[in-house]
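As a plain string of letters, each chain reads:
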Amino acid sequence: MKKDGKYRFSLQFSSDTPENMQIGELLERLGNKKSRVIISALTEYLQKHPQLSEESCKIEIRATGYDWEKVEEFIRKLIDEKLSSAYISNEIGTESEKIDKESLEEDVAKMLENINLF
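All values reported here derive from a predicted model rather than from experimental measurement.

The rules behind these values
Residues numbered from 1 in each chain as written. Predicted model: local features only at pLDDT ≥ 70, side-chain atom pairs only at ≥ 80, totals over all residues. Heavy atoms only, no water. Patch = residues over 30% accessible without salt bridge, like charges linked within 9 Å, V, L, I, M, F, W, Y side chains within 5 Å. Areas by Shrake-Rupley, 256 points an atom, 1.4 Å probe, with all protein chains shown as cover. Salt bridge = Lys/Arg side-chain N within 4 Å of Asp/Glu carboxyl O. Helix = DSSP H or I, 4+ residues; strand = E, 2+ residues; numbered from the N terminus. Buried < 20%, exposed > 50% of the residue type's maximum accessible area, 1.4 Å probe, protein only.

Okay, a nonpolar patch on the surface next. Side chains of Leu11, Phe13, Ile23, Ile38, Leu42 and Tyr45 sit close together on the surface and give an oily, nonpolar patch of about 570 Å² of accessible area. Per-element tally for the nonpolar patch: the top contributor is helix H2 (residues 34-48), with three residues. Within the fold, phenylalanine 13 resides in the loop between strand S2 (6-7) and helix H1 (18-30).

The next subject is the pattern of salt bridges. The final tally for this structure, using the stated rule, is two salt bridges. The partner of lysine 48 in a salt bridge is glutamate 44, and the shortest N-O contact between them spans 3.6 Å. Within this pair, lysine 48 and its partner glutamate 44 are both found in helix H2, separated by four residues, close to a single helical turn. The exposure class of lysine 48 is exposed, given its relative accessible area of 59%. When its relative accessible area of 44% is taken as the criterion, glutamate 44 is described as partly exposed. Across the pair arginine 76 and glutamate 72 runs a salt bridge, and its minimum N-O distance is 3.2 Å. With arginine 76 and glutamate 72 both in helix H3 (residues 68-90) and four residues apart, this pair spans about one turn of that helix. For arginine 76, a relative accessible area of 36% gives the class partly exposed.

Next up, the structure:
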């Protein structure tokens, strides 16, 4: 809101992610000097993303800060469940039909090493 030649804003966000907590603590320490840091940070951001200054620009906010350990744990659990059910269903088949679980685990490990490509 602009009033008397000054802009006034209220900012509130949760402390449910490490990123939010880090920024919240920084803003707390800045006290009444928050404006300078916010203006500097947003100016630098706008220089890197000039399209945001255009009125026709649609702004889309995406959450960041995934806990990659939890993502990896979830993927491993999901794959283990699928492998277990597939291996059990294939036990009645021939040896060539059985799933090579060790080979699949190596493939999964390689995939998880490159998860940032997804």
